[in-house]
Amino acid sequence: MGVSITFLGGAGTVTGSKYLVKHEDHKLLVDCGLFQGYKQLRLRNWSPLSVAPNHITALLLTHAHLDHSGYLPLLVKEGFAGPIFATPATRDLCRILLPDSGHIQEEDADFANRHKFSKHSPALPLYTRQDALDALPLIKAVDFGKTFSPLPGWKATFSPAGHILGAASILLEVAGRRILFSGDLGRPDDLLMSPPADAPAADTVLIESTYGDRIHPVENILLELAPALQRVAKRGGVAVVPVFAVGRAQALLHAIHLLKLKGELPSSLPVFLDSPMAVHTTHLFEHHPGEHRLSKQDTQALTHCATMIQSTDESRALAARHGPMVILSASGMATGGRVLHHLAHYAGDHRNMIILTGYQAPGTRGDTLASGHKTVRIHGRDVEVNAEVVQLQSASAHADANQLLAWLRTLPQAPDQVYIVHGEAGPADTLRARIHRELGWRAQVPEQGSTWPT
Ligand SMILES: [Zn+2]
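The rules behind each value
- Residues numbered from 1 in each chain as written.
- Predicted model: local features only at pLDDT ≥ 70, side-chain atom pairs only at ≥ 80, totals over all residues.
- Heavy atoms only, no water.
- Axes fitted to C-alpha atoms, helices over the stretch in contact; angles between N-to-C directions.
- Helix = DSSP H or I, 4+ residues; strand = E, 2+ residues; numbered from the N terminus.
- Parallel < 35°, antiparallel > 145°, perpendicular 65-115°, else oblique.
- Contact = heavy atoms within 4.5 Å.
- Nonpolar A, V, L, I, M, F, W, Y, C, P; charged D, E, K, R; others polar.
- Patch = residues over 30% accessible without salt bridge, like charges linked within 9 Å, V, L, I, M, F, W, Y side chains within 5 Å.
- Areas by Shrake-Rupley, 256 points an atom, 1.4 Å probe, with all protein chains shown as cover.
- Salt bridge = Lys/Arg side-chain N within 4 Å of Asp/Glu carboxyl O.
- Lys, Arg positive; Asp, Glu negative; His and termini not counted.
- Charge placed at Lys NZ, Arg CZ, Asp CG, Glu CD.
- Pairing = 2+ DSSP bridges.
- Buried < 20%, exposed > 50% of the residue type's maximum accessible area, 1.4 Å probe, protein only.
- Polar contact = N/O pair within 3.5 Å; in protein donor to acceptor, adjacent residues only side chain to side chain.
- Donors = N, O, S within 2.8 Å, 3.2 Å for Na, K, Ca; no water.
- Tetrahedral: all angles 85-135°; square planar, octahedral: opposite > 155°, others 65-115°.

Draft legend 1. Quick look at the packing of helix α7 (residues 248–261) against helix α8 (residues 276–287). Relative orientation of the contacting elements α7 and α8 amounts to 75°, with a least axis distance of 9 Å. Judged by the inter-axis angle, α7 sits roughly perpendicular to α8. Every residue of α8 that contacts α7 at Ala249, Gln250 and Leu253 is listed here: Ala278, Thr281, Thr282 and Phe285. Class assignment for the residues of the contact of α7 with α8 results in four nonpolar, three polar and no charged.

This is the structure:
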């Protein structure tokens, strides 16, 4: 019996990453993400996995973003008790992100019950903050480059993927097969993160394809951000910036800091980081200096260039302030979190601005805003959008199509096959065709739930 992979998520969509590797009696899961975006995708979080959680023997995480780690609390609640291996920064980030995810789900369920807009009564959280806290002790940290044994006879090695703090590609070796999971790959020219490491030799490669059909413009984030913030500051407006608490929040803070230093933004322009998670993450940059490009001074400046908002009272008080000001708040695709209150409050005024900072998955509010819709549904009501919407093209934490191919070219020799994952149907298929045409390798886009040999 060979080694097989079942695609339990992250197949034909960017979210829900879950890849089950089976050999003999052992089942190992790589990533354990939440589905996000369209309702039919989110509903998948509620249907049981095709494998019983207590039959999974070990778990490896590429990184801490919720579409890779956010299902973990539920997996543990439903019986998974094996070890979870991750890099030290991923473990630290999970300690911030997962309890918060549980908390948001409890809040959303509460809110739906109070305002009775849920079709289920009572609305229940997928999992709670406590469920997330219960899962955390299973996470064991392993450094980049150190080969370890997640299961008897299996070997695994993390290498830097350059996407966010702690983000790894994973080489898994079992029964003579080498399977390489790219994880989310960063861009080599990122403002914040060091570039991804070259790919090691592998027989089977799973590569992400978020931007499989796109080339990032050469534009840099400072050149894009400066005119937008100058415009909104001049008209006394408020810029609401939905940010991923991990990664983009810090990139934006760093960019604003540099623009103020260069005199391109008034140093008096008030900036608020309204996300306790993003505040905590910003401090983690000090603990993991080897993974990013920031100097010690830059890292310190990150924590000083904005007013850090912690409590919900402070967050609410922001609504009483007038512009000009900049509010960075999670979540990055406006799927939940405090940014929803700011959007509901500020989107109606044409002097204001909404700045979208990275990939907006189809079906998310961020995607609705990016497509120019004049209303967006928040907490059960339609909010008018008169504010200027700006989408930064340069703020993505993902490699573009050329950079994905360049990473594949670093493999010392051609793999037997490539599976294209973590992308919508269009980008995934475009990347498949390019891999076939330009590298001459066998590549396919697996369907959700399908099982393939390695
Ligand atoms: Zn990610």
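Next, the rest of the story.
Draft legend 2. A look at a negative patch on the surface. The grouping of Glu106, Glu107, Asp108 and Asp110 at the surface amounts to a negative patch. Considering the arrangement of structural elements, one finds aspartate 108 in helix α4 (residues 88–115).

Draft legend 3. Structural view of the sheet that holds strand β7 (residues 155–160). Strand order in the open sheet formed by six strands is β7-β8-β9-β10-β19-β20, and the pairing between neighbours is mixed. Of all the strands in the sheet, just β7 and β20 (443–444) have a single pairing partner and so form its edges. Where strand β19 (residues 417–421) lies against β20, two bridges are found, and the strand directions are parallel. From the neighbouring strand, tyrosine 419 faces β20, where its bridge partner is glutamine 444. Across the sheet, helix α13 (residues 401–409) lies against β8 (168–174), β9 (177–181) and β10 (204–208), angled at about 160° from β10, the strand it touches most. Where helix α14 (residues 425–439) meets the sheet, it contacts β10, β19 and β20, and its direction lies at approximately 160° from that of β19.

Draft legend 4. Up close: helix α9 (residues 296–304). The complete set of buried residues in α9 reads Thr299, Ala301, Leu302 and Thr303. Of the surrounding elements, those touching the buried residues of α9 are α7, α8 and β13 (307–309).

Draft legend 5. Summary view of α13. For α13, every residue scored as buried is listed here: Ala401, Gln403, Leu404, Leu405, Trp407 and Leu408. If you check the start of α13, you find a side-chain oxygen 3.2 Å away from the backbone N of asparagine 402, and it comes from aspartate 400.

Draft legend 6. Representation of the coordination of the zinc ion in the model. Taken together, the protein ligands of the zinc ion are His63 (NE2), His65 (ND1), His163 (NE2) and Asp184 (OD), with distances of 2.2 to 2.4 Å. In this structure, the zinc ion is coordinated by four donor atoms arranged in irregular fashion, with angles at the metal of 88 to 170°. Mapping the donors of the zinc ion onto the primary sequence yields the spacing H-x1-H-x97-H-x20-D. Of the two residues, histidine 63 is situated in the loop between β4 (58–60) and α2 (66–69) and histidine 163 in the loop between β7 and β8; the sequence distance between them amounts to 100 residues. Residue classification places histidine 163 among the buried residues on the basis of a relative accessible area of 2%.

Read these as layout, nothing more, since geometry by itself doesn't imply function.
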